[in-house]
Amino acid sequence: LMSIMSEGIVILSDYLPAEDKILETVSVARAVAVICSRDTMSCDAQLLIMAALMDNAERTEAAAVIPVNIPSFIFPTEAFYEGLGSSFIFSDVEVAKQCIRSFFKRITIALPVDASEKVIKTQA
């Protein structure tokens, strides 16, 4: 990968809770894979990444968005969006709600981390 792209890979969780670093990195990324797990919908940093990715999605040079879900992930219900209040770190909560909804309209890649090694290799 480094021979193709000198910038390498950035693991955004290494920068938590540096919101400015997350937003800066997302804005210049070529692709962002978001691994959705049991606690994703209660993690402000992951929600911020989703919202920022989809807010930037209209730009032609915007990052490719790759949603990945592992078996423990539960997709958000309407109650989640109703509960996303003004304490959310995205500047406009209504835009954030729309962006997060848009994120989940994309087809996610299921990563069965609890499956056998053979199944995981077959899906790779």
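A brief look at the structure comes next. (Residues numbered from 1 in each chain as written. Predicted model: local features only at pLDDT ≥ 70, side-chain atom pairs only at ≥ 80, totals over all residues. Heavy atoms only, no water.)

## Overview of the packing of helix H2 (residues 44-56) against helix H4 (residues 93-104)
Basically, it comes down to this: Lines fitted to C-alpha atoms define the axes here, with helix axes fitted over just the stretch in contact, and angles between the N-to-C directions of these axes take values from 0 to 180 degrees. Working definition: helices are DSSP H or I runs of at least four residues, strands are E runs of at least two. Numbering for both runs from the N terminus. Orientation labels follow simple angle bins: below 35 degrees gives roughly parallel, above 145 gives roughly antiparallel, 65 to 115 gives roughly perpendicular, and whatever is left gives oblique. Contact definition: two residues touch when any of their heavy atoms are within 4.5 Å. When residues are sorted by character, Ala, Val, Leu, Ile, Met, Phe, Trp, Tyr, Cys and Pro go into the nonpolar class, Asp, Glu, Lys and Arg into the charged class, and all the rest, Gly among them, into the polar class.
Put simply, H2 and H4 touch, their axes get as near as 8 Å, and they point 85° apart. Of the possible angle classes, the one that applies to H2 and H4 is roughly perpendicular. Residue-level inspection shows Leu47, Met50, Ala51, Met54 and Asp55 of H2 in contact with H4, the latter providing Val95, Ala96, Cys99, Ile100, Ser102, Phe103 and Phe104. For the contact of H2 with H4, the class distribution of residues is 10 nonpolar, 1 polar and 1 charged.

## Things to note about the pattern of salt bridges
Rules: Each salt bridge in this description consists of a side-chain nitrogen of Lys or Arg and a carboxyl oxygen of Asp or Glu lying within 4 Å of one another. For every residue, the accessible area (1.4 Å probe, protein chains only) is compared with the maximum for its type, and the residue is labelled buried under 20%, exposed over 50%, or partly exposed between those bounds.
Applying the stated rule across the entire model yields 3 salt bridges. A salt bridge links Glu94 to Lys97; the shortest N-O distance between them is 3.4 Å. Here Glu94 and its partner Lys97 are both found in helix H4, 3 residues apart, which amounts to about one turn of the helix. Take Lys97: its relative accessible area is 15%, and that puts it in the buried class.

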